[in-house]
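Architecture and fold: a report
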Amino acid sequence: MTDLPRPRTLRRGSDFVEAGLGDAATIDKVAERYAVAMTPLLAELGPAVAKQFVPDLRELDTAPEELADPIGDQAHSPVKGIVHRYPDRLLLTPLLHCPVYCRFCFRRERVGGAEKGLSDAELQAALDYIRANHQVWEVILTGGDPLMLPPPRLKTLLAELEAIAHVEIIRIHSRIPIADPERVDAEMVEALKLERATLWIAVHSNHASEFSVPAIAALRRLDGIPLLGQTVLLKDVNDNAEALEALFRAMVKHKIKPYYLHHLDLAPGTGHFRTGIEDGQELMRGLRGKISGVCQPTYVLDIPGGHGKAPIGPTFWQDGQVTDWQGIDHPYRK
Ligand SMILES: *Cc1c(COP(=O)(O)O)cnc(C)c1O
Ligand code: SF4
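Notes on the structure follow. Each chain has its residues counted from 1, running along the sequence as written. The naming scheme follows written order: chains are lettered A onward, ligands numbered 1 onward. Under the rules for a predicted model, residues below a pLDDT of 70 receive no local features and side-chain atom pairs below 80 are neither given nor counted, while totals for whole chains, interfaces and linings still include all residues. Excluded from the side-chain calculation are hydrogens and water; included are all heavy atoms of the structure.

With that settled, consider unusual backbone geometry. With omega at 10°, the peptide bond leading from Gly143 into Gly144 counts as cis. The residue Gly144 is located in the loop between β3 (138-141) and α6 (151-162) in this model. In this structure, the amide linkage connecting Gly313 to the following residue, Pro314, adopts the cis form with an omega of 5°. You can see Pro314 is positioned in the loop between β9 (308-311) and β10 (317-318). Within the chain, Lys255 stands out as a residue other than glycine whose phi angle is a positive 65°. Under the DSSP-based scheme used, a helix requires at least four consecutive residues in state H or I and a strand at least two consecutive residues in state E, with every element numbered from the N terminus.

Listed below in structure tokens is the structure:
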């Protein structure tokens, strides 16, 4: 088989219009402010996927409560490329670009812009920080999308992390198996084989229609690596019971354990994606009665200012009443 050229990523207004999505002038205008990219694969998956990637003029409206650094990364960054918020785990961000740019991205002021990823010297300084901090049990590679690293560089980075005796777990957060599954090739799978530490991969997916044939094949190639699902609750994309139920079933079917349902962070220009917390709780309450425990993620909020993630419900026990899966209350003492 000859190698076919990879289909070109949609970046300009004219690319989107050619794919039958959006308005060129709008897209080019938004692209002056925020990074824009969508793979041709995603362009074919219907409106719930298009809404996540096709720029919208409303992105240029920043509400007063929206923040450039919505989850307070900067407050906990001791060295460039590290965010160390909890004692036993930290984020390492080797690069700041992604295969696609989600219109609601919480790091949209940093990813895909002028700021470069880490230089070799900066990466070594970040690794030195991890070496010196013996309580770091888990290193979470995020970004940007760490699987955008060329496989040889990924392999070297994983080897350097594995060489640090106290690092037991390496977790990679990625959109690639869904957004650009061809990148999960034999060379990448080989690079992901660890000697000593344990690798987990958290896959970002927000709608069942993202589970395309190529994405499912890429997930199969990752077989043997424990997979977690990360979802953002998004208005008019997945903020209804049917969409969430189908998504979490698709994840479990393809060996991804739904991990977090994130309440949308206060990133600039994302108001048109925002739901109320009570709407999210109501959806989660409904899911309890519909899908198995394995299919249930935890609904979380990343507290602005850098205070970490908090589960935000719903609660099933309150004031001596416990609620069953059908929504019926029963008395239960403290
Ligand atoms: C989200 C996050 C983590 C990971 O949190 P978990 O609850 O373990 O998934 C770790 N560090 C930072 C800075 C984070 O933002
Ligand atoms: S893949 Fe993640 S980091 Fe990249 S644009 Fe989407 S939300 Fe942001």
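Moving on, there is more to tell.
On to the pattern of salt bridges. Any carboxyl oxygen of Asp or Glu within 4 Å of a side-chain nitrogen of Lys or Arg constitutes a salt bridge here. Going through the model one piece at a time under the given rule, you end up with 22 salt bridges. Each member of the salt-bridge network shares a partner with another, and the members are Arg8, Arg12 and Asp15.

At 3.6 residues per turn, the α-helix brings residues three or four places apart onto the same side. Multiplying one less than the number of residues by 1.5 Å gives the expected span of a helix. In this model helix α11 (residues 277-288) runs 17 Å from its N-terminal to its C-terminal C-alpha over 12 residues, within 8% of the 16 Å that 1.5 Å per residue would give. We call a residue buried when its accessible area falls under 20% of the maximum for its residue type, exposed when it is over 50%, and partly exposed in between, using a 1.4 Å probe and counting protein chains only. Gly280, Leu283, Met284 and Leu287 are the residues of α11 that are buried. Across the axial projection of α11, the buried residues extend over an arc of 100°, all falling on one side. Contacts were defined at the residue level, with two residues in contact if any of their heavy atoms lie within 4.5 Å. Structurally, α11 contributes buried residues whose contacts are with α10 (241-253), β7 (256-262) and β8 (298-303). As used here, the arc is the angular range of directions from the helix axis to the C-beta atoms.

In sheet architecture, strand pairing relies on hydrogen bonds along the backbone and comes in two forms, parallel and antiparallel. Here, strands pair whenever DSSP counts at least two bridges between them. Reading across the sheet, the 9 strands line up as β1-β2-β3-β4-β5-β6-β7-β8-β9 and stay open at both edges, with mixed pairing between neighbours. Sheet topology places β1 (82-86) and β9 at the edges, where each strand pairs with a single neighbour. Here the average twist between neighbouring strands, direction ignored, is 30°. In the sheet, β7 pairs with β8 via 3 bridges, with the strands oriented parallel. Bridge pairing in β8 links Tyr260 to Thr298. Axes here mean lines fitted to C-alpha atoms, for a helix over just the part in contact, with angles spanning 0 to 180 degrees between N-to-C directions.

Bringing the site of ligand 2 into the picture now. By convention in this text, a residue qualifies as near a molecule or strand provided that one of its non-hydrogen atoms is within 4 Å of it. Around ligand 2, a shell composed of Cys98, Val100, Tyr101, Cys102, Cys105, Arg175 and His204 is seen. Following the grouping adopted for this structure description, the nonpolar residues are Ala, Val, Leu, Ile, Met, Phe, Trp, Tyr, Cys and Pro, the charged ones are Asp, Glu, Lys and Arg, and the polar ones are all others, Gly among them. Among the residues making up the shell around ligand 2, the classes are represented as 5 nonpolar, 1 polar and 1 charged.

With that out of the way, let us pick up the sheet that holds β10. Taken in spatial order, the 3 strands line up as β10-β11-β12 in an open sheet, and their pairing is antiparallel. One side of each edge strand has no neighbouring strand; the edge strands of this open sheet are β10 and β12 (329-331). In this structure, β10 lies alongside strand β11 (residues 321-323), joined through 2 bridges in antiparallel fashion. Of the residues in β11, the one forming a bridge with Trp317 is Val322.

Another aspect to go through is the nonpolar core. Looking at soluble globular proteins, one finds that nonpolar side chains tend to be buried together. Put simply, buried Ala, Val, Leu, Ile, Met, Phe, Trp, Tyr and Cys residues joined by side-chain atoms within 4.5 Å make one nonpolar core. Membership of the largest hydrophobic core comes to 81 residues, with the highest contact counts inside it found for Leu92, Ile130, Leu161 and Leu192. Leu161 has contacts with Leu92, Leu127, Ile130, Val139, Leu141, Val167, Ile170 and Arg196, leaving out every residue within four places of it along the chain. Membership of the second largest hydrophobic core comes to 7 residues, among which are Ala37, Leu96, Cys98 and Tyr101.

The next point concerns the site of ligand 1. Taken together, the residues surrounding ligand 1 are Val83, Arg85, Tyr86, Arg89, Leu91, Ile140, Arg171, Tyr259, Tyr260 and Lys309. Residues adjacent in sequence count toward polar contacts only when both atoms are side-chain atoms; beyond that, a polar contact is any pair of N or O atoms within 3.5 Å, and within protein one must be able to donate a hydrogen and the other to accept it. Within the side chain of Tyr260, a nitrogen or oxygen atom sits 2.5 Å from an oxygen atom of ligand 1. In this structure, an oxygen atom belonging to ligand 1 sits 3.1 Å away from a side-chain N or O atom of Lys309. Areas reported here follow the Shrake-Rupley algorithm with a probe of radius 1.4 Å; residue values treat only the protein chains shown as occluding. Bound to the protein, ligand 1 loses 92% of the 390 Å² it would expose on its own. Of all elements in the fold, only β1, β2 (89-92) and β7 reach the threshold of two or more residues within the shell around ligand 1. For the shell around ligand 1, the class distribution of residues is 6 nonpolar, no polar and 4 charged.

Here the focus is helix α9 (residues 213-221). Regarding α9, the residues found buried are Ala215, Ile216, Ala218 and Leu219. One face of α9 carries all of its buried residues, which in axial projection span an arc of 160°. Seen from the open side of α9, the exposed residues pointing more than 90 degrees away from its buried face are Val213 and Arg220. In this fold, the buried residues of α9 make contact with α7 (176-179), β5 (198-204), β6 (227-232) and β7.

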